[in-house]
Amino acid sequence: MKATFFKIFAFLLATVSLYSYVGQLVPQFEEHPPAKKIITVTTPPAELAAIGEELVRVKGGCLICHKVTETGNERGPDLRKAAGQAAQRKPGMDAESYLLESIAQPDVFLVPGYPKMMPSALKPPANMNLAEVKAVIAYLQTLGGAEVTVKVEAADIAAAKAAGPVHKGKEAMGTYGCVGCHKIEG
């Protein structure tokens, strides 16, 4: 009886040891949510453009209709050309002002050949604030090879803070791009 118990105990000890050894060979990964990037009036232009790129790709859902590479959607204008052509799109308006208007109020002026379908980036599903829109403009300027000239002002930051915090679930949907396809308000 003692010999049988000892054999079972030895077998269990060998099995647990084997599994522990194999478990240590498997690489362990920890995933964390992306670091929250805060836009300030002193955010460097390169960092502002990087934040804008992330907004275009994730929160804004822009790539559902636009493209930033040779392949991509063509329902909306090619974003690689947006900043370069912005100054000529609407007479009497500089490139930066045109881009701001076309992102915040896309129905004011439609690019010839494209239908009226873009929602305002200031409302759901993108639900960006003015500082984020300016970060997108900075990214568009870098896509066109231009120098980043857009400036985030204290009023842009104050307006974003005045809007108040976003509900955690709503924030997560924006962070992970759910709102690119799904509508959660209205």
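Coordinates for the structure precede this section.
Remember, it's a predicted structure, so these values are computed and weren't measured experimentally. (Residues numbered from 1 in each chain as written. Predicted model: local features only at pLDDT ≥ 70, side-chain atom pairs only at ≥ 80, totals over all residues. Heavy atoms only, no water.)

Undergrad: Can you explain the overall build of the protein? Please cite residues and give values.
TA: Across its full length, the protein holds seven helices and zero strands. Start at the N end of the protein and walk to the C end: the helices and strands fall as α-α-α-α-α-α-α. For 186 residues, the compact-globule formula gives about 16 Å, and the C-alpha radius of gyration of the protein, at 25 Å, lies well above that figure. Reported as C-alpha extents along the three principal axes, the dimensions of the protein are approximately 95 × 40 × 35 Å. Counting only residues that meet the buried cut, the protein has 27% of its 186 residues in that class. Within the protein, contacts between residues at least 6 apart in sequence are counted, and of these 50% link residues at least 24 apart. Counting only carbon and sulfur atoms, one obtains 63% of the accessible surface of the protein, whose full area is about 12,500 Å². Side-chain charges of the protein comprise 20 positive and 18 negative groups, with the mean position of each set lying 7 Å from the other. (Helix = DSSP H or I, 4+ residues; strand = E, 2+ residues; numbered from the N terminus. Rg over C-alpha atoms; globule rule 2.2 N^0.38 Å. Buried < 20%, exposed > 50% of the residue type's maximum accessible area, 1.4 Å probe, protein only. Contact = heavy atoms within 4.5 Å. Areas by Shrake-Rupley, 256 points an atom, 1.4 Å probe, with all protein chains shown as cover. Lys, Arg positive; Asp, Glu negative; His and termini not counted. Charge placed at Lys NZ, Arg CZ, Asp CG, Glu CD.)

Undergrad: Can you break down the layout of surface pockets residue by residue, with the values?
TA: The computed volume of the second largest pocket comes to approximately 940 Å³. For the second largest pocket, the lining is made up of 45 residues, of which His66, Ser102, Pro106, Met118 and Pro119 are closest to its centre. Put simply, the parts of the chain that give the lining of the second largest pocket at least two residues each are α3 (79-89), α4 (95-104) and α5 (130-143). Among the elements that make up the lining of the second largest pocket, the one with the highest residue count is α3 (five residues). Residues of the lining of the second largest pocket, tallied by class, amount to 29 nonpolar, nine polar and seven charged. (1 Å grid on protein atoms, 1.4 Å probe; cavity = no way out; pocket = protein on both sides within 12 Å on 5 of 7 lines; lining within 4 Å. Points joined across faces, edges and corners; volume = space filled by probe spheres on them. Nonpolar A, V, L, I, M, F, W, Y, C, P; charged D, E, K, R; others polar.)

Undergrad: Give a detailed account of unusual backbone geometry, specifying residues and quantitative values.
TA: The omega angle of the peptide bond from Pro124 to Pro125 is 15°, so this bond is cis rather than trans. Although it is not a glycine, Asn127 adopts a positive phi angle of roughly 55°. With respect to the helices and strands, the residue Asn127 is situated in the loop between α4 and α5. In this structure Asn127 comes out as partly exposed when scored by relative accessible area, which is 27%.

Undergrad: Please provide a residue-by-residue account of the packing of aromatic side chains, values included.
TA: For the structure shown, the criterion picks out one aromatic pair. Ring centres of Tyr98 and Phe109 lie 5.9 Å apart, and the angle between their planes is 80°; on these two criteria the pair is classed as edge-to-face. Here Phe109 lies in the loop between α4 and α5 and Tyr98 lies in helix α4, a separation of eleven residues in the sequence. The exposure class of Phe109 is partly exposed, given its relative accessible area of 22%. (Phe/Tyr/Trp six-rings, centres within 6.5 Å; stacked < 30°, edge-to-face > 60°.)

Undergrad: Help me get a handle on the environment of Thr43, residues and values and all.
TA: Its location among the elements puts Thr43 in the loop between α1 (2-25) and α2 (45-59). A sequence separation of 76 residues divides Thr43 from Pro119, and the C-alpha atoms of the two residues are 27 Å apart. Among residues more than four places away in sequence, those in contact with Thr43 are Ile38, Leu48 and Ile51. Within the structure, the side chain of Thr43 is placed 2.8 Å from the backbone nitrogen of Thr40, a separation counted as a polar contact. (Polar contact = N/O pair within 3.5 Å; in protein donor to acceptor, adjacent residues only side chain to side chain.)

Undergrad: Provide a residue-level description of the side chain of Lys59, including the pertinent values.
TA: Relative to the helices and strands, Lys59 is located in helix α2. Only 3.4 Å separates the side chain of Lys59 from the backbone oxygen of Asn127, close enough to count as a polar contact. With residues near it in sequence (within four places) discarded, Lys59 still touches Glu54, Pro125, Ala126, Asn127, Met128, Glu132, Gly174 and Val179.

Undergrad: So, the nonpolar core: which residues are in play, and what are the values?
TA: Of all hydrophobic cores here, the largest spans 30 residues; its most connected members are Ile39, Leu48, Leu99, Ile103, Met128 and Val136. Mapped by element, the contributors of at least two residues to this core are α2, α3, α4 and α5. If one sorts the elements of this core by residue count, α5 sits on top with eight residues. (Core = buried A, V, L, I, M, F, W, Y, C linked by side-chain atoms within 4.5 Å.)

Undergrad: Could you give an account of the side chain of Gln141, naming the residues involved and the relevant values?
TA: Among the structural elements, Gln141 can be located in helix α5. Setting aside chain neighbours within four positions, we find Gln141 in contact with Ala83, Glu96, Ala146, Glu147, Val148, Thr149 and Val150.

Undergrad: So what's going on with α3? Residues and values would help.
TA: Inspection of α3 places Leu79, Ala82, Ala83 and Ala86 among the buried residues, and these make up the whole buried set. Viewed along the axis of α3, the buried residues span an arc of 95°, placing them on a single side of the element. Exposed residues lying more than 90 degrees from the buried face of α3 are Gly84 and Gln88. Each element contacted by the buried residues of α3 is listed here: α2, α4 and α5. (Arc of directions from axis to C-beta.)

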